[in-house]
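Fold and geometry: a report
The residues making up each chain are set out below.
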Amino acid sequence: MPLVAMTREMGSLGMDVARILESELKVPVVYHEMINNLADKMRLRKSHVMRLLGGKANLFERLTADKTSLSIYTADEMLQVASKGAVMRGWGAAHLLRPVKHAICVRICAPFELRVKRMMARLETDDRDAVAAEIRNSDEAQGAIAKRHFGIDWQDPEGYDLSLNTERMSVEQCAEEIVQLSRKPDFGETDESHAALSDLALQASVKAALRADPATRSLSFAVDSKRGRVRLRGIVDTRKEWNDAARVVTSVHGVTGVKSELRVTAEIRSPMGE
């Protein structure tokens, strides 16, 4: 199924492009649909999660939110949806899905002043300063998510297969460019691209499971997956933590084997340790 990961700037008309893609590619547009599951996992109100992801959370909400958990659970939700085909808007989807060859990573943009003008018309307001501030806040939130979770500049064109400027291209033209690209052999679904997506999805599910279990919630180590087999790399403090990690990972649906290369701190320091 077609898979499009879109980064859009507020006022760029990216939402309109996504709606056309939904009709042309026969896959759903996904944005708010994952909020309920995220809110349940985070034990937060739906509105709180939406403000965090949209960059509109107040200081108290930002300080009390577990940003690491939000990142882990968001990636898990996105990758489960991506495996079924979708047009995914925002949340760093374009950067998360970059390793998947059949995923088309797109940025929809427009000059700042044009975006302000469009949003003023859409909101039926003449308060330019308020609209401009809202757009800047949205841009900053997207930039912060990309920097924190992926270590990249979200506006760097190298992170996308297509960067489309709606100042010079119509919404219909932008959608057609993406549809045409989806039909190119280089973006066709293959066993290799599906395997890459499955590996990413399983890795995200494992990280989410480790975060959700009280015994492993605070642990930090690398997780790799390939064709159902998961490898754990890093250091834990005790043998119990080593066992807990193996237990949680083994219980995740889709895991066919676990190779734990975790090292226990006490055993590293002991002359009798490995």
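The model shown is predicted, which means the values in this text are computed figures rather than measured ones.

**Here's the deal with the packing of aromatic side chains**
Tallying each qualifying case throughout the model produces zero aromatic pairs. Note that R107 overlies the ring of W154, its terminal NZ or CZ placed 5.8 Å from the centroid. The residue whose ring lies beneath R239 is W242, and the NZ or CZ to ring-centre distance is 4.9 Å.

**Here's the deal with the nonpolar core**
Judged by nonpolar contacts, the single largest core of 23 residues is most densely connected at L3, L79, A82, M88, L97, V100 and L197. Elements supplying a minimum of two residues to this core: β1 (3-8), α5 (67-82), β3 (86-89), α6 (93-96), β4 (103-109) and α10 (191-212). The residues contacting L79, other than those within four sequence positions of it, are L96, L97, L197, L200, A201 and A204. Within the second largest apolar cluster, 21 residues are counted, among which are V17, V106, I108 and F187.

**A few points about empty space enclosed by the protein**
Applying the stated criterion to the full structure yields one cavity of 30 Å³ or more. Here the largest cavity defines a volume of roughly 30 Å³. R8, E9, M10, G11, S12, L13, G14, M15 and R122 together form the lining of the largest cavity. Class assignment of the residues belonging to the lining of the largest cavity gives a composition of three nonpolar, three polar and three charged.

**A look at the sheet that holds strand β6 (residues 222-226)**
On the basis of which strands lie adjacent, the open sheet formed by three strands has the order β6-β7-β8 and mixed pairing. In this open sheet, the two strands that pair with only one neighbour each are β6 and β8 (257-264). The mean angle between the axes of side-by-side strands here comes to 10°, regardless of whether they run parallel or antiparallel. With eight bridges joining them, strand β7 (residues 229-236) and β8 adopt parallel strand pairing. Counted as the bridge partner of R231 is K259 from β8. Along the sheet, α10 makes contact with β6 and β7, crossing β6 at roughly 140°. The strands touched by helix α11 (residues 239-250) are β7 and β8; relative to β8, the strand with the most contacts, the crossing angle is about 160°.

**Some remarks on helix α9 (residues 171-182)**
The terminal C-alpha atoms of α9 lie 17 Å apart, and with 12 residues this matches the ideal 16 Å at 1.5 Å per residue to within 8%. Taken together, the buried positions of α9 are occupied by V171, C174, A175, I178, V179 and L181. For α9, the angular spread of the buried residues around the axis is 165°, confining them to a single face. Contacts from the buried residues of α9 go to β1, α1 (14-25), β4 and β5 (162-165).

**Describing the pairing of β3**
Taking every second residue as pointing to the same face, both faces of β3 are buried, with A86 and M88 on one and V87 and R89 on the other. When β1 meets β3, the two strands line up parallel, connected through four bridges. The residue of β3 that forms the bridge with M6 is R89. Direction of pairing for strand β2 (residues 29-30) relative to β3: parallel, over a ladder of two bridges. Paired with V30 across the strands is M88, a residue of β3.

**Re the sheet that holds β1**
Across the sheet, which stays open at both edges, the five strands sit in the order β2-β3-β1-β4-β5 with parallel pairing between neighbours. Looking at the sheet topology across the chains shown, the edges are occupied by β2 and β5.

**A closer look at the pattern of salt bridges**
Under the defined criterion, the tally for this structure stands at 16 salt bridges. Measuring nitrogen to oxygen at the nearest pair gives 3.3 Å for the salt bridge that ties R115 to E9. Linking R115 in helix α7 (residues 112-123) with E9 in the loop between β1 and α1, this pair joins segments that are 106 residues apart in sequence. Here the two residues R115 and E9 agree in accessibility, since each one is buried. With a closest N to O distance of 3.1 Å, R231 and D224 form a salt bridge. Within this structure, D224, R231, R233, K259 and E261 form a network of salt bridges that share partners.

How each quantity is defined
Residues numbered from 1 in each chain as written. Predicted model: local features only at pLDDT ≥ 70, side-chain atom pairs only at ≥ 80, totals over all residues. Heavy atoms only, no water. Phe/Tyr/Trp six-rings, centres within 6.5 Å; stacked < 30°, edge-to-face > 60°. Lys NZ or Arg CZ within 6 Å of the ring centre and 35° of its normal. Core = buried A, V, L, I, M, F, W, Y, C linked by side-chain atoms within 4.5 Å. Buried < 20%, exposed > 50% of the residue type's maximum accessible area, 1.4 Å probe, protein only. Helix = DSSP H or I, 4+ residues; strand = E, 2+ residues; numbered from the N terminus. Contact = heavy atoms within 4.5 Å. 1 Å grid on protein atoms, 1.4 Å probe; cavity = no way out; pocket = protein on both sides within 12 Å on 5 of 7 lines; lining within 4 Å. Points joined across faces, edges and corners; volume = space filled by probe spheres on them. Nonpolar A, V, L, I, M, F, W, Y, C, P; charged D, E, K, R; others polar. Pairing = 2+ DSSP bridges. Axes fitted to C-alpha atoms, helices over the stretch in contact; angles between N-to-C directions. Expected span 1.5 Å × (residues − 1). Arc of directions from axis to C-beta. Salt bridge = Lys/Arg side-chain N within 4 Å of Asp/Glu carboxyl O.

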